[in-house]
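An overview of the molecular structure
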Amino acid sequence: MLAGCVPWPPEFARRYTERGYWRPEPLGTRLRTLARADADRVALVEPARRMTYGELDRRADRLAAGLRRAGLSPGDRVVIQLPNVIDFVTLCHALFRLGALPVFALPAHRESELAHLCAMSDATALVIPDNYLGFDHRELARRVTGPEHVFVVGEPAEFVALDTVDAEPEPLPAPDPADVALFLLSGGTTGLPKLIPRTHQDYGYNLRISAENAGLTAADSYLAVLPIGHNYALACPGVLGTLHVGGRVVLAPTPSVEDVFPLIERERVTVTGLVPPLALLWLEMAGIAGADLSSLRLVQVGGAKFGADAARRFGPALGCKVQQSFGMAEGLLCQTALDDPPETVATTQGRPLSPDDEIRVVDASGAAVPDGEVGELLTRGPYTPRGYYRAEEHNASAFTSDGFFRTGDLVRLLPSGHLVVEGRVKDQINRGGDKVAADEVEDHLLAHPAVRECAVVAMPDPLIGERTCAFVVPGPRGAAPGLAEMVAFLRDRGLAAYKLPDRLEVVESFPHTAVGKVDKRRLRERIRELTGAQPGSTS
Ligand code: OOB
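These numbers come from a predicted model, not from an experiment.

What counts, and at which threshold
- Residues numbered from 1 in each chain as written.
- Predicted model: local features only at pLDDT ≥ 70, side-chain atom pairs only at ≥ 80, totals over all residues.
- Heavy atoms only, no water.
- Axes fitted to C-alpha atoms, helices over the stretch in contact; angles between N-to-C directions.
- Helix = DSSP H or I, 4+ residues; strand = E, 2+ residues; numbered from the N terminus.
- Parallel < 35°, antiparallel > 145°, perpendicular 65-115°, else oblique.
- Left-handed = near helix turned anticlockwise from the far one by under 90°.
- Contact = heavy atoms within 4.5 Å.
- Buried < 20%, exposed > 50% of the residue type's maximum accessible area, 1.4 Å probe, protein only.
- Pairing = 2+ DSSP bridges.
- Right-handed = clockwise from strand over helix to strand, strands pointing away.
- Domains from an automatic or database assignment.
- Buried area = accessible area lost by both parts, 1.4 Å probe.
- Salt bridge = Lys/Arg side-chain N within 4 Å of Asp/Glu carboxyl O.
- UniProt positions renumbered as here; feature names shortened; annotations may be inferred.
- Near = heavy atom within 4 Å.
- Polar contact = N/O pair within 3.5 Å; in protein donor to acceptor, adjacent residues only side chain to side chain.
- Areas by Shrake-Rupley, 256 points an atom, 1.4 Å probe, with all protein chains shown as cover.
- Nonpolar A, V, L, I, M, F, W, Y, C, P; charged D, E, K, R; others polar.
- Core = buried A, V, L, I, M, F, W, Y, C linked by side-chain atoms within 4.5 Å.

On to the packing of helix α11 (residues 276-285) against helix α12 (residues 308-318). Put simply, α11 and α12 touch, their axes get as near as 10 Å, and they point 45° apart. In terms of axis orientation, α11 runs oblique to α12. Here α11 runs over α12; the crossing is left-handed. The residues of α12 that touch α11, namely those facing Ala279, Leu280, Trp282 and Leu283, are Ala310, Arg313, Phe314, Ala317 and Leu318.

Pasting the structure below:
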């Protein structure tokens, strides 16, 4: 396995292979078979362009050869920051074939995140769009040093247009299926996002079991609404799961209802995955937007807690089934089943998908809590890697000595095996599915000359579940900055917009815990009182 990664112990690897979870084939192998069997079948749809399985297969080969000729080698890391476009998917398959490793950035990331990802992964190449949602990503690329190559989808300026990377296919040695295929990003709890190495065979299993649990077949059209660089829309079952079964992937240019509803109607979309704020919006708009959504058979909702009331209303309002999805880039994926009773679908976040997903629910000392009580979820299994990339020190605390990942999520395990997410112990804000590591934002706030101390906490929000509140203790020099000034300051530091505080509270001092740490629990209570909000989740 690639240096800097933690392999599964051999006895586990043997078991996962023997049980058929791990298959000796690189990601994208099925694409070749499907392309040969039915070349003209539509694989990918953009609003103004479509691509068949045959074309996707050919383009992946030619792009792989072109990248090789441009100087990329197996094992090289390629940071991809693209919106939901066909080139994203062709590029992924080219890299799988070449054995080069995509590192998935989000379109919302800015200089701070992108520079970190390129440095962490030692990236050889960066792939960006020219513009997306009014932002010029070439400007961003100019400020990120490190990658030798910058490829652009669209107008390349001084960089290289991805379209022109093209060469006659040549035989390439197949990558080792046991090795890393791609890197996902952790939501981050301490500092900047960590890289999660996913192997061909672990990720292949991830996408197969989630495709199976969604009952996905070649007759399905999956609509990618959320960014496809995120695990959920990429492989749970997402784009890769859909292509695996020979279905059709419809790529939404943005998650807005104006873009998405007409696509559902036109392409007769059957399945999609949403975060709770979008699901609430769909619930509101379904009857009044005037689009025919009757082709939908299944809508997954996950990434943040989906309240039971909304979950109960969603299916009848949209005329489809709902599937709660509780997953993480680190591996474990829990989902309700298509034949679960409606109340189970409304009130739980599903069951782990693999019979070999091991679950422990523990208290702060690491001891198992009594059945049915709330504790931290620990897990290990055939698609949950044993460590972050190049993060030995962090891995020592993020994993138990016997390889269980500490999810930082508080859950209750029901006798049926379903989990209910009750909260979290990790210092993170879940902003409607977007994860914000409190201390990453705190580090940036502390760089402001007028800030002496700061603490970032979640505050309840009726629409997106949680928003970010920054508490600040001003320093001796100058007045504390207001929210607008602080937001401008953080933007200048290259922080992604979803990480910017929604509210700023200036205080004289912080409450402290008995051991002298800032007492964030009391700060959360204070902001709840100030906003008059109730503790709870999106409902
Ligand atoms: C998904 O993945 P990540 O890596 O962005 O975030 C994982 C974290 C979980 O540890 C949990 O804290 C939270 O997001 N989360 C949920 C949830 N789904 C994720 N919290 C409550 N209820 C849920 N349904 O978010 C992700 C990956 C694959 C599929 C779906 C979501």
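Burial along strand β4 (residues 101-104) is two-sided: Leu101 and Val103 facing one way and Pro102 and Phe104 facing the other are all buried. For strand β3 (residues 77-80) and β4, the ladder comprises four bridges, and the chain directions are parallel. Bridge pairing in β4 places isoleucine 80 opposite phenylalanine 104. Between the parallel pair β3 and β4, the chain is carried across by helix α4 (residues 86-98), and the sense of this crossover is right-handed.

Domain annotation of the protein chain identifies domain 1 (28-175) and domain 2 (428-531). Computed over C-alpha atoms, the centres of domain 1 and domain 2 are 36 Å apart. Of the residues lining the interface, seven residues belong to domain 1; the matching set on domain 2 comes to nine residues. Both sides together, the interface formed by domain 1 and domain 2 hides about 490 Å², and carbon and sulfur atoms give 48% of it. By the criterion of area lost to domain 2, the three top residues of domain 1 are Ala108, Ser112 and Glu113, representing 64% of everything that side buries. Summed over the shared surface of domain 1 and domain 2, the result is one salt bridge.

Here the bond from cysteine 236 into proline 237 is cis, since omega is 0°, no more than 30 degrees from zero. By the secondary structure assignment, proline 237 is in the loop between α8 (231-235) and α9 (238-244). Despite not being glycine, aspartate 122 shows a phi value in the positive range, around 55°. Positionally, aspartate 122 belongs in the loop between α5 (111-121) and β5 (125-129). Backbone geometry at arginine 390 places phi at a positive 45°, although glycine is not the residue there. Considering the arrangement of structural elements, one finds arginine 390 in the loop between β20 (375-380) and α14 (392-398). By relative accessible area, which is 42% here, arginine 390 ends up partly exposed.

Here we come to the sheet that holds strand β22 (residues 419-424). Working definition: the strands of a sheet are paired by backbone hydrogen bonds and lie parallel or antiparallel to each other. Taken in spatial order, the four strands make up an open sheet running β19-β20-β21-β22, and their pairing is antiparallel. With one partner strand each, in any of the chains shown, β19 (358-362) and β22 form the two edges of the open sheet. Ignoring which end each strand starts from, the neighbouring axes of this sheet average 45° apart. Pairing between β20 and strand β21 (residues 405-413): four bridges, direction antiparallel. Residue pairing for β21: threonine 379 is matched across the bridge by phenylalanine 405.

Turning our eyes to something else, we now look at the UniProt feature "domain: AMP-binding enzyme C-terminal" (unreviewed entry) in the protein chain. UniProt annotation of "domain: AMP-binding enzyme C-terminal" (unreviewed entry) refers to residues 440-517 when read in the numbering used here. In residues 440-517, the share of helix is 22% and the share of strand is 32%. The end C-alpha atoms are 17 Å apart.

The next subject is the sheet that holds strand β13 (residues 248-251). Strand order in the open sheet made by the nine strands is β2-β1-β13-β12-β14-β15-β16-β17-β18, with mixed pairing throughout. On the outer flanks of this sheet lie β2 (49-52) and β18 (351-352), each paired with one strand and no other. Here strand β15 (residues 298-302) runs beside strand β16 (residues 321-328); their pairing, made up of five bridges, is parallel. Each residue of the ladder has a partner; that of leucine 298, found in β16, is lysine 321. Across the sheet, helix α7 (residues 200-213) lies against β16 and β17 (331-335), angled at about 0° from β17, the strand it touches most.

Around the ligand sit 20 residues, and of these His230, Ser325, Asp409, Lys426 and Lys435 come closest. Lysine 435 is positioned such that a nitrogen or oxygen atom in its side chain is 2.9 Å from an oxygen atom of the ligand. Burial of the ligand by the surrounding chains reaches 96%, relative to a free accessible area of 600 Å². Of all the secondary structure elements, the ones that give two or more residues to the shell around the ligand are α8 and β16. When residues in the shell around the ligand are grouped by element, the largest group, four residues, is from β16. Across the shell around the ligand, the residue classes break down as eight nonpolar, eight polar and four charged.

On to the UniProt feature "domain: AMP-dependent synthetase/ligase" (unreviewed entry) in the protein chain. In this structure's numbering, the residues bearing the UniProt feature "domain: AMP-dependent synthetase/ligase" (unreviewed entry) are residues 35-389. This span, residues 35-389, is 33% helix and 25% strand, and a straight line between its end C-alpha atoms measures 34 Å.

This brings us to the nonpolar core. Membership of the largest hydrophobic core comes to 120 residues, with the highest contact counts inside it found for Leu67, Leu223, Trp282 and Phe314. Here this core takes nine residues from α4, the largest share from any one element. Leucine 223 has contacts with Val250, Ala252, Val260, Leu263, Ile264, Val269, Val271, Thr272, Gly273 and Trp282, leaving out every residue within four places of it along the chain. Counting residues in each nonpolar core, the second largest holds 24 residues, with Leu101, Ala105, Met120 and Val180 among its members.

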